[in-house]
Amino acid sequence: MAQWLTEVRGVRAVALGGSRARGAHRPGSDWDLGLYYRGEVDVPALAALASELTGERVEVAGPGGWGPWVDGGAWLSVDGAAVDWILRDLDRVERVWSECRAGRYETGVQAGHPLGFWSPAYAGEVAICRVLADPHGELTVLRDATQRYPEPLRETLVHAAWEAEFSVAAARKSAGSGDALHVALCLSRAFGVLVQSLHAHHRVWCLNEKGALAAAAAFPGVPEDFTARVTAALTALDPAAVESAGELVRETRARLT
């Protein structure tokens with residue numbers, strides 16, 4: 001499949017990503033294929049190939065069809081296996097990697113990413129992927145480069161943990177009035193930022209929110225019962241929970257220095 005995909009105009013390389021690339025998959029896990037393209041990608045040709053592989057009509061979302069960051073792709077069922085095609089603009093990925101090396105990143109609103117899409121995830125996806133087809137060697141070169149976490153990005157993301165305390169302070173203003181939505185959003189943001197900082201501190205790419213809390217809790221030096229304390233705060237959402245969240249944030253930030 002990867003070889004056929006690279007024969008589609010615009011597609012430069014194909015990589016296996018997600019849990020299967022990390023070796024953390026289960027028997028029923030999806031097969032996530034990253035389709036790295038340059039310029040215009042032939043979406044009708046992708047749709048025709050998808051239909052040939054599945055035996056049914058498949059809708060392929062072109063660049064931007066799934067949002068500004070996740071881009072586009074398709075969900076396929078091939079011989080009973082779930083296969084996801086995920087488009088990635090290779091020029092944009094390379095620009096983000098350049099920004100990461102300079103210690104810069106951005107976050108954007110993206111469906112499926114409740115805490116926003118953090119741009120370093122592009123580099124992280126390349127770092128953990130298994131290159132399946134790369135006729136020009138472009139993705140392989142980039143994958144080799146991303147094996148080393150950029151120190152400027154590490155410093156920037158560790159410093160970003162200041163926002164966790166700011167978010168807790170915002171939650172404190174609403175907890176007394178029972179504004180559960182605002183408190184939940186503030187605390188979620190606080191813990192999400194903290195988890196990003198912990199990953200960076202340990203030079204580990206954080207790809208998205210799913211599984212990020214458990215991964216962060218496993219890092220050495222993280223406060224004891226980290227996951228349980230985060231869960232308790234997000235469950236109660238009362239003034240005591242906010243104070244508990246503030247204490248956890250302060251403890252964690254002290255260990256990031």
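Reading the values: the criteria
Residues numbered from 1 in each chain as written. Predicted model: local features only at pLDDT ≥ 70, side-chain atom pairs only at ≥ 80, totals over all residues. Heavy atoms only, no water. Helix = DSSP H or I, 4+ residues; strand = E, 2+ residues; numbered from the N terminus. Buried < 20%, exposed > 50% of the residue type's maximum accessible area, 1.4 Å probe, protein only. Contact = heavy atoms within 4.5 Å. Arc of directions from axis to C-beta. Pairing = 2+ DSSP bridges. Axes fitted to C-alpha atoms, helices over the stretch in contact; angles between N-to-C directions. Expected span 1.5 Å × (residues − 1). 1 Å grid on protein atoms, 1.4 Å probe; cavity = no way out; pocket = protein on both sides within 12 Å on 5 of 7 lines; lining within 4 Å. Points joined across faces, edges and corners; volume = space filled by probe spheres on them. Nonpolar A, V, L, I, M, F, W, Y, C, P; charged D, E, K, R; others polar. Salt bridge = Lys/Arg side-chain N within 4 Å of Asp/Glu carboxyl O.

In this fold, Ser197 is placed in helix α9 (residues 180-201). Assessed through its relative accessible area of 1%, Ser197 is described here as buried. With residues up to four places along the chain from it excluded, the contact list for Ser197 reads Leu157, Val158, Ala160, Ala161 and Leu256.

Right, let's talk about helix α6 (residues 138-145) for a bit. For α6, the complete set of buried residues consists of Glu138, Leu139 and Leu142. Buried residues of α6, viewed axially, fall in a sector of 90°; they line one side. Exposed and facing more than 90 degrees away from the buried side of α6 are Val141 and Asp144. Lining the buried residues of α6 we find β1 (11-17), β2 (31-37), α4 (90-101), α5 (120-128) and β7 (130-133).

The five strands lie next to each other as β3-β4-β2-β1-β7, forming an open sheet whose pairing is mixed. A strand with exactly one partner marks an edge of an open sheet, and here the two such strands are β3 (73-78) and β7. Strand-to-strand, the axes of this sheet are offset by a mean angle of 30°, without reference to chain direction. Strand direction decides the pairing type here: β2 and strand β4 (residues 81-89), joined by seven bridges, are parallel. Across the sheet, residue Leu35 finds its bridge partner in β4, namely Leu87.

Right, let's get into helix α12 (residues 239-255). Every α-helix carries 3.6 residues per turn, so stepping three or four residues along brings you back to the same face. End to end, α12 covers 25 Å across 17 residues, agreeing with the expected 24 Å (1.5 Å per residue, within 8%). Of the positions making up α12, those classed as buried are Ala241, Val242, Ala245, Gly246, Leu248, Val249 and Thr252. The buried residues of α12 occupy an angular sector of 165° when projected down its axis, which confines them to one face. Exposed residues lying more than 90 degrees from the buried face of α12 are Ala240 and Ala254. In this structure, the buried side of α12 is in contact with α8 (162-175), α9 and α11 (226-236).

Under the defined criterion, the tally for this structure stands at one cavity of 30 Å³ or more. Taken together, Pro120, Tyr149, Leu157, Gln196, His199, Ala200, Val204, Trp205 and Cys206 form the lining of the largest cavity. When residues in the lining of the largest cavity are grouped by element, the largest group, three residues, is from α9. Across the lining of the largest cavity, the residue classes tally to seven nonpolar, two polar and no charged.

With that out of the way, let us pick up unusual backbone geometry. Only a minority of non-glycine residues have a phi that is not negative, and only a minority of peptide bonds are not trans. The backbone of Asp79 shows a phi angle near 50°, a positive value even though the residue is not glycine. With respect to the secondary-structure elements, Asp79 resides in the loop between β3 and β4. Phi at Asp225 is positive, roughly 60°, even though this residue is not glycine. Here Asp225 is to be found in the loop between α10 (212-217) and α11.

Moving on to the pattern of salt bridges. A full pass over the atoms with the stated rule returns 13 salt bridges. Across the pair Asp42 and Arg9 runs a salt bridge whose closest N-O atoms are separated by 3.8 Å. Here Asp42, found in the loop between β2 and α3 (43-54), pairs with Arg9, found in the loop between α1 (2-5) and β1; they are 33 residues apart in sequence, far enough to count as distant. Salt-bridge contacts for Arg104 lead to Glu99; the nearest nitrogen and oxygen are separated by 2.8 Å. Given the relative accessible area of 45%, Arg104 is considered partly exposed. Glu99 gets classed as partly exposed once you look at its relative accessible area, which sits at 32%. It is possible to trace a salt-bridge network through shared partners that takes in Arg12, Arg38, Asp91, Glu94 and Glu138.

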